Amino acid sequence: MMRYHFKVHREKQGLWAHSLEKGLGVTTQGKTYENLLTNLKEALDLALDEPVDSKWLPPLPDAAIKGRNVIEVAVDPKIAMATLVRMMRLQSGLTQREVAERMGIKTLSTYQKLESSKTANPEWTTLVRLKQVLPMFPLDVAAA
């Protein structure tokens, strides 16, 4: 599961937290710890749920980040899947059409569903074909 790291700070009015993965840029606050967690999850999912034509490459979570007042927040699985597919495609310098063709997908809109958090729920065979086209695609992160 994709989990990002946040440093939590306490103030008189409540709590606030900021992301520790460089380049993610997520910050939010909450009156209670539970409220902060809810807000962090929402802010993280919103930050990563980019349009399918976005060129922004968010950082991958860094499992080595540890420390006092550091918490992990999980990304919604469909958002994580769509984000990973888009990231790996962009890092490979391929267009959506090129990946679709290499995977044997006949229509671009079918491939685009892999990069949409609204529809990203691929079958295992699709993930295997995706891994063949984008070898750096981290199946262990996506499937956990």
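Just so you know, these numbers come straight off a predicted model, no measurement behind them.

Conventions adopted
- Residues numbered from 1 in each chain as written.
- Predicted model: local features only at pLDDT ≥ 70, side-chain atom pairs only at ≥ 80, totals over all residues.
- Heavy atoms only, no water.
- Helix = DSSP H or I, 4+ residues; strand = E, 2+ residues; numbered from the N terminus.
- Buried < 20%, exposed > 50% of the residue type's maximum accessible area, 1.4 Å probe, protein only.
- Polar contact = N/O pair within 3.5 Å; in protein donor to acceptor, adjacent residues only side chain to side chain.
- Pairing = 2+ DSSP bridges.
- Axes fitted to C-alpha atoms, helices over the stretch in contact; angles between N-to-C directions.
- Contact = heavy atoms within 4.5 Å.

K.L.:
Is there a simple way to explain the side chain of Glu 115 in this structure?
P.N.:
Structurally, the position occupied by Glu 115 is in the loop between α4 (108–112) and α5 (124–133). Since its relative accessible area comes to 2%, Glu 115 is described here as buried. Among the polar contacts made by the side chain of Glu 115, one reaches the side chain of Arg 89 at a distance of 2.5 Å.

K.L.:
Sorry, what's going on with unusual backbone geometry here?
P.N.:
Excluding glycine, residues mostly carry a negative phi; peptide bonds, for their part, are mostly trans. The backbone phi angle of Asn 69 is positive, close to 60°, even though this residue is not glycine. With relative accessibility at 44%, the residue Asn 69 sits in the partly exposed group.

K.L.:
Would you mind showing me how to read the sheet that holds strand β4 (residues 70–74) here?
P.N.:
Ordered in space as β3-β2-β1-β4, the 4 strands form an open sheet in which the pairing is antiparallel. Every interior strand has two partners, whereas the edge strands, β3 (27–30) and β4, have only one. Across this sheet, the average inter-strand angle for adjacent strands is 35°, counted without regard to direction. The pairing of strand β1 (residues 3–11) with strand β2 (residues 14–19) spans 6 bridges and is antiparallel. Directly across from Phe 6, in β2, lies its bridge partner Ser 19. Across the face of the sheet, helix α1 (residues 33–48) comes into contact with β1, β2, β3 and β4 while running at roughly 155° to β3.

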